[in-house]
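Each chain, written out:
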Amino acid sequence: MNRVIPMINAEWLKLRKRRGLTWLSLLLIAGSVLLTNGILTLYHLSDSAKYGPAGGVGGFSNSQTLFGIAAALAAILIGATAGAQDVESGVFRSLAATGQSRVRLALVRIPGGLLQLIPMLLLGYGLEVAAVFLLAGGTPTPSATDLLVELGWLLTLGVLNFTVGLGLAALLRSRAFAVGILVAWELAGSRVIDRLSDFGNWRVLSSTVATDRLLPGASNAMTLGRECTAPGACTPDIVTVSIAAALLVILGWIVVFTIAGVWRTATQEA
Amino acid sequence: MNVNSSEVAASTHNLGKRFGERSALRDIDLVVPQGVAFGLLGPNGAGKTTLIRCLLGLTRPTSGTVELMGHAVPGERAAALARVGAVVEEPRFHDHLSGRENLRIVSALLSDAATARIPEVLHRVGLSERAGDRVASYSLGMRQRLGIARCLLNDPLLLILDEPMNGLDPAGIQEFRILVRALVGEGRSVLISSHLLDEIEKTCDVVAIIDRGVLVRQAALSALRQASGNQVRVMVGDMVLARAVLGRIAWVQSVAVEDSGALVCTLATDATAAALNRTLVQAKVDVSLLEPASASLEQRFLDLTTRLQEPSNTSESAPRRGAHEEVRA
């Protein structure tokens, strides 16, 4: 039964018809770019001597944090919805009763969901690049390489968070639980763990350390914070991560959560 | 559609399913012939839905075997389900999608032909005009009809419908009955699980009764009704005289009076209605009606299931299992 393309289209249909999810994701991705650049522009207009233009190299760097978090959250929402919507709506039983392979049922959610997510990420990226150039105010603008690296980082970040959200939601059979856990991890958990120097180089395995390594301008020696042995005696807390290692870690997260979601979908009683 | 009516649509052999210590199904030997409306009757919690889930390979049986359309389940599940449509428990949908889009979701898993059949099946269940509305706005009856439409997408030889009449109004139930008979007329089998005895009696040709996980009886509906013994219903002119005469006949084992005024006589196995008529007429009793008395399905159902509630009959070591008296209508 070679039904892969229609099944991917069906997954995309289920997601794109969720108006609330679509608007919320768009608001997060495009809104974060507009909000960051709007605030930076206001600062610049209020005191141009103190605050540089919203665009240019400086603005490009400043807007990455909020844009990254917003893109990750949107990816988690879309992924978790894709992973749990069949089970939560009760439709999974009807799909399983068609005799279609359950592994295929689980795997087609990935391209189906990415069809929903990636255009939104590209829209956000387009807005950010436009803002970087339009609001540069005569300051230097990022190179083509930096723009490409940024695009690669954004897509990797999106795919990672989408697949983790999808796999966890399928595993837990709940969108709400998966979103709750992953938002907590993205906004707080990973950031705290990344700064605990006791973990040393094990922190390379953190998804946020790995994705941050892919940001334009990041180097193998990543400074995660400061390590203080006594008051006033602090040194930068550095871990060493190559791009290859970061990509391997990201791939590991994607593979582990995908396998978990597929296993659950294939073995659960319907 | 060309179907060999001698084929068996579904069968189980010694099927058992346990949930921990609880036995949900025990030694079920079920045969669903092709081309009939098959009623699966049982009180709530009897194991009907578990049996259906085992048939569809949605849950693994603990013991025994299942065959669907000639293929073992779950071993050859994809082939077995290729021409089977099913609604298990209440039909569930993506509420944010329209009826048509919900069918597209399922047809995407089946075939291009199934997608092309969407307008036809929507028309067949009377949902064409509401097909573009979100399912969230559908009544339960409309969801039931959409569930049946979903079953029909793959042009099934066997439809398995779990409590399909729940939520239907009387007109909807009648339409459903007509639809089922039309599907059977096309050579398909329709397995209907229900606790609505009256509707099963009106719709089905063959009935299986399941209680506490045990198949108590499987038979053609007519055979099931007749299985209550050699009884005849008699309407007479003089009730007192008739009862006096009947009381003197050795081969009339018992006489009961119905609310309608008819006498229901239980005869010895070798006695006939003709002999009874002759005896009454010779005794100057006017006979205006004489017909075989068949028990209603409800009566047979209650007979069969209430007997199971007696402690001596609930032993696991000696489950009551009905013989297959006759599985063709």
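Values in this document were obtained by computation on a predicted structure and should not be read as measured data. (Residues numbered from 1 in each chain as written. Chains lettered and ligands numbered in written order. Predicted model: local features only at pLDDT ≥ 70, side-chain atom pairs only at ≥ 80, totals over all residues. Heavy atoms only, no water.)

Undergrad: Please provide a residue-by-residue account of the overall build of chain A, values included.
TA: Summing up its helical and strand segments, chain A has 11 helices and 2 strands in all. Sequence-ordered secondary structure for chain A, helices as α and strands as β, is α-α-α-α-α-α-α-α-α-α-β-β-α. Computed over C-alpha atoms, the radius of gyration of chain A comes to 20 Å, within 12% of the 18 Å expected from 2.2 N^0.38 for 270 residues, which places it in the range of a compact globule. Principal axes of the C-alpha set define a box for chain A whose edges measure 65 × 45 × 30 Å. Put simply, chain A has 270 residues, and 49% of those count as buried. The contacts of chain A with a sequence gap of at least 6 include a subset with a gap of at least 24, amounting to 73%. (Helix = DSSP H or I, 4+ residues; strand = E, 2+ residues; numbered from the N terminus. Rg over C-alpha atoms; globule rule 2.2 N^0.38 Å. Buried < 20%, exposed > 50% of the residue type's maximum accessible area, 1.4 Å probe, protein only. Contact = heavy atoms within 4.5 Å.)

Undergrad: Explain the domain arrangement of chain B to me, using residue names and the numbers behind them.
TA: Each domain of chain B was delimited in the assignment, giving domain 1 (8-83 + 156-225) and domain 2 (230-292). Taking the mean C-alpha position of each, domain 1 of chain B and domain 2 of chain B sit 40 Å from one another. (Domains from an automatic or database assignment.)

Undergrad: Mind laying out the environment of Thr203 of chain B, listing which residues take part and the relevant values?
TA: Residues and elements named next belong to chain B. Following the sequence through the fold, Thr203 ends up in helix α8 (residues 197-203). Relative accessible area serves as the criterion here: at 1%, Thr203 is assigned to the buried category. Each C-alpha atom of the pair Thr203 and Ile192 lies 9.2 Å from the other, and the pair is 11 residues apart in sequence. In contact with Thr203, not counting residues within four places along its chain, are Ala37, Arg177, Val180, Arg181 and Ile192. Among the polar contacts made by the side chain of Thr203, one reaches the main-chain carbonyl oxygen of Glu199 at a distance of 2.7 Å. (Polar contact = N/O pair within 3.5 Å; in protein donor to acceptor, adjacent residues only side chain to side chain.)

Undergrad: Let's hear about the interface of chain A and chain B: which residues, and what values?
TA: Between chain A and chain B, the contact holds 28 residues from the first and 29 residues from the second. For the pairing of chain A and chain B, the buried interface totals around 2500 Å² over both sides, and the portion due to carbon and sulfur atoms is 55%. The largest contributions to the chain A side of the interface with chain B come from Arg3, Arg93 and Glu269 of chain A, which together make up 22% of the buried area. Measuring nitrogen to oxygen at the nearest pair gives 3.1 Å for the salt bridge that ties Arg3 of chain A to Asp112 of chain B. Looking at the side of chain A that touches chain B, the elements that each hand over two or more residues are α1 (4-16), α4 (64-89), α5 (92-96) and α6 (102-107) of chain A. (Buried area = accessible area lost by both parts, 1.4 Å probe. Salt bridge = Lys/Arg side-chain N within 4 Å of Asp/Glu carboxyl O.)

Undergrad: Describe the nonpolar core, with residues and values.
TA: The biggest cluster of nonpolar side chains holds 100 residues, and the ones touching the most others in it are Leu56, Leu158, Ile160 and Leu191 of chain B. Excluding anything up to four places from it in sequence, Leu56 of chain B contacts Val73, Arg77, Leu81, Val84, Ala86, Val88 and Ile160 of chain B. (Core = buried A, V, L, I, M, F, W, Y, C linked by side-chain atoms within 4.5 Å.)

Undergrad: How would you sum up the pattern of salt bridges? Please name residues and give values.
TA: Counted under the stated rule, the structure contains 23 salt bridges over all chains. Across the salt bridge formed by Arg93 of chain A and Glu89 of chain B, the nearest N and O atoms sit 2.6 Å from each other. Of this pair, Arg93 of chain A sits in helix α5 while Glu89 of chain B sits in the loop between β7 (84-87) and α3 (99-110), placing the two residues on different chains. What makes Glu89 of chain B partly exposed here is its relative accessible area of 40%. With a shortest N-O distance of 2.7 Å, Arg203 of chain A and Asp237 of chain A are connected by a salt bridge. Remark: Asp237 of chain A occurs in strand β2 (residues 233-240) and Arg203 of chain A occurs in the loop between α9 (175-194) and α10 (207-213); sequence separation between them is 34 residues. In this structure, Arg203 of chain A and Asp237 of chain A share a single accessibility class: buried. Salt bridges here are not isolated pairs; linked through shared partners, they connect Arg83, Arg124, Asp155, Glu186 and Arg188 of chain B.

Undergrad: Which residues make up the pairing of strand β8 (residues 158-162) of chain B, and what are the values?
TA: Residues and elements named next belong to chain B. Counting buried positions along β8 gives 5 out of 5 residues, so the element sits mostly inside the fold. Burial along β8 is two-sided: Leu158, Ile160 and Asp162 facing one way and Leu159 and Leu161 facing the other are all buried. For β8 and strand β9 (residues 189-194), the ladder comprises 5 bridges, and the chain directions are parallel. For Asp162, the partnering residue across the bridge sits in β9 and is Ser193. Running through helix α7 (residues 170-185), the crossover from β8 to the neighbouring parallel element β9 is right-handed. (Pairing = 2+ DSSP bridges. Right-handed = clockwise from strand over helix to strand, strands pointing away.)

Undergrad: If you had to explain the sheet that holds strand β12 (residues 231-236) of chain B to someone new, which residues and values would you point to?
TA: All names here are of chain B. Pairing within the open sheet is antiparallel, and its 4 strands lie in the order β13-β14-β12-β15. Each of the sheet's edge strands pairs with one partner strand only, and the pair in question is β13 (252-257) and β15 (287-292). Pairs of neighbouring strands in the sheet enclose a mean axial angle of 25°, with direction left out of account. As paired elements, β12 and β15 share 5 bridges and run antiparallel to each other. Residue pairing in the sheet places Arg233 in a bridge with Glu291 of β15. Against the sheet, helix α11 (residues 273-282) touches β12, β13, β14 (263-267) and β15, its axis set at about 165° to β15. (Axes fitted to C-alpha atoms, helices over the stretch in contact; angles between N-to-C directions.)

Undergrad: Any chance you could break down the packing of aromatic side chains for me, citing the residues and the numbers?
TA: All names here are of chain A. If you walk through the whole model with that rule in mind, you get 3 aromatic pairs over all chains. Consider the rings of Tyr43 and Tyr51, whose centres lie 4.7 Å apart with planes at 45°: the pair is tilted. A residue is classified by how much of its surface remains accessible, and Tyr51, at 29% relative accessible area, is partly exposed. Grouped by ring-pair contacts, the aromatic residues Trp185, Trp253 and Phe257 constitute a single cluster. The lysine or arginine in question, Arg16, covers the ring of Trp12, its NZ or CZ lying 4.5 Å from the ring centre. (Phe/Tyr/Trp six-rings, centres within 6.5 Å; stacked < 30°, edge-to-face > 60°. Lys NZ or Arg CZ within 6 Å of the ring centre and 35° of its normal.)

Undergrad: Report on the side chain of Arg102 of chain A, specifying residues and quantitative values.
TA: Residue position: Arg102 of chain A is located in helix α6. The charged side chain of Arg102 of chain A is buried without a salt bridge, its nearest counter-charge being Glu269 of chain A at 8.1 Å. When near neighbours in sequence (up to four residues on either side) are disregarded, Arg102 of chain A contacts Phe92, Ala96, Thr265, Ala266, Thr267, Gln268 and Ala270 of chain A together with Gly57 and Leu58 of chain B. (Lys, Arg positive; Asp, Glu negative; His and termini not counted.)

Undergrad: Tell me about the environment of Asp162 of chain B, residues and numbers included.
TA: All names here are of chain B. Within the fold, Asp162 resides in strand β8. Distance in space between the C-alpha atoms of Asp162 and Arg104 is 22 Å, their sequence separation being 58 residues. Excluding its chain neighbours within four sequence positions, the residues that come into contact with Asp162 are Thr49, Ile52, Val87, Val88, Glu89 and Ser193. At a separation of 2.8 Å, a polar atom in the side chain of Asp162 contacts the side chain of Thr49. Within polar-contact distance, the side chain of Asp162 engages the backbone nitrogen of Glu89 at 2.9 Å.

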